[in-house]
Amino acid sequence: MPQSYDKSTTAEELVRDYASLIKGKVVLVTGVSPRSLGAFFIQSVAKAKPACIILGGRDIKKVQQTADDILALDSSVQVRNFEVDLASLASVRAAAAQVNGWDDIPVIDVLVNNAGVMALDHSVSPDGFEYHLAANHLGPFLFTNLVMKKVLASPNGRIVNVSSDGHRLNPFRFDDYNFDDGKTYNRWFAYGQSKTANMLMVLSLAEKLGSKHNLLSFSLHPGVIWTNLGGHLDWDKELDGLRSADKTLGNAEGWKEFDAKPIERGVATHIYASFDPNLKAHNGGYLLDSHVADPLKDTVKAWAVSSFEAERLWKLSEKLVGQEFSY
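As the structure is a prediction and not an experimental result, all values here were calculated from the model.

What counts, and where the lines are drawn
Residues numbered from 1 in each chain as written. Predicted model: local features only at pLDDT ≥ 70, side-chain atom pairs only at ≥ 80, totals over all residues. Heavy atoms only, no water. Helix = DSSP H or I, 4+ residues; strand = E, 2+ residues; numbered from the N terminus. Rg over C-alpha atoms; globule rule 2.2 N^0.38 Å. Buried < 20%, exposed > 50% of the residue type's maximum accessible area, 1.4 Å probe, protein only. Contact = heavy atoms within 4.5 Å. Lys, Arg positive; Asp, Glu negative; His and termini not counted. Charge placed at Lys NZ, Arg CZ, Asp CG, Glu CD. Axes fitted to C-alpha atoms, helices over the stretch in contact; angles between N-to-C directions. Parallel < 35°, antiparallel > 145°, perpendicular 65-115°, else oblique. Left-handed = near helix turned anticlockwise from the far one by under 90°. Nonpolar A, V, L, I, M, F, W, Y, C, P; charged D, E, K, R; others polar. Phe/Tyr/Trp six-rings, centres within 6.5 Å; stacked < 30°, edge-to-face > 60°.

**Observations concerning the overall build of the protein chain**
For the protein chain, the helix and strand inventory stands at twelve helices and eight strands. For the protein chain, the C-alpha radius of gyration of 18 Å lies close to 20 Å, the compact-globule estimate for 327 residues. By principal-axis analysis of the C-alpha atoms, the protein chain measures approximately 50 × 40 × 40 Å. Within the protein chain, buried positions represent 58% of all 327 residues. The long-range share in the protein chain, meaning contacts at least 24 apart out of those at least 6 apart in sequence, stands at 77%. Where the 34 positive side-chain charges of the protein chain centre and where its 39 negative ones centre are 3 Å apart.

**Notes on the packing of helix α3 (residues 37-46) against helix α11 (residues 268-275)**
For the pair α3 and α11, the least separation of the axes is 9 Å and the interaxial angle reads 55 degrees. By the angle between their directions, the pair α3 and α11 is classed as oblique. As α3 packs across α11, the resulting crossing turns out to be right-handed. Along the contact surface, α3 presents L37, F41, S44 and V45, while α11 presents H270, I271, S274 and F275. Taken together, the residues of the contact of α3 with α11 sort by class into five nonpolar, three polar and no charged.

**A word on the packing of aromatic side chains**
Evaluated as defined, the whole model comprises nine aromatic pairs. Here the aromatic rings of W188 and Y191 are separated by 6.3 Å at their centres, their planes lie at 85 degrees, and the arrangement is edge-to-face. Taken together, the residues W188 and Y191, both in helix α8 (residues 187-213) and three residues apart, mark about one turn of the helix. Of the two residues examined, W188 and Y191, each falls in the buried class. Relative to Y327, the ring of W314 has its centre 6.2 Å away and its plane inclined at 65 degrees; by these criteria the two rings are edge-to-face. Taken together, the residues span a long stretch of sequence, with W314 in helix α12 (residues 307-321) and Y327 in the segment after α12 at a distance of 13 residues.

It is worth stressing that arrangement in space is one thing and function is another; only the former is reported here.
Quick look at the structure:
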């Protein structure tokens, strides 16, 4: 098995290399609309005979379409679906209860929090939180912790958060996470805050559950891939807004052209994070281009890899979702 990969590595290569590690596993992934990163990731993984694939998403018809696509390739794969609106804490609790109620699936070996939103107009969740914060962080935070018993039942459980190098666009705004009820809102800063939160969450999980329960957790940047995630944006206009945000923060990306990846390379880091056997020494780490990020070469902001910030966010997240998780 190769010991190193790079930005040219494809999903097909990694599935081939990790086939024995994927076979027999139970893999749960959210955000699996057709032609999305989540769908392509799980369709690739399905080729290596996992024991069960669990698919979650806001639109159950789209989730079922991806399930049907998988079964068309291999009808022997067991697939379960559930509906969840990650922006709604009530929906998250109902979805977790459904998954926990499947007694015939006592273990989740890999949980991939892939679902997310990017650069939306200002809005708030049903619970009153800025929408990126709710959908990209608070929902996955609550869902992950509510199904944690099944993840910890795996001898080598993994949790993967799909973050982004967009974390460069904002640290977590502990005193103004709702952007003064929209008065100070910037779509890219809001997205950046939520992606920073994705990274801090896995750092907390590694510190709280890594040594005690052998849990591995990672965040990742898949790369720039043109999917339906940004389909709502007028890029002729919003690219200027993104560059302006980067320039305001002094980020090099404000002056660079974006180097996009095709989707078969875009989901490679999903697979690497979920199954690579050599990542145990980097628990809580941030990954990109199928390697552990190097702060000297890659975009890694200190605010997103701080144990202090991670613990602070964990406590705030417990408060916002109304439930404590003491590990």
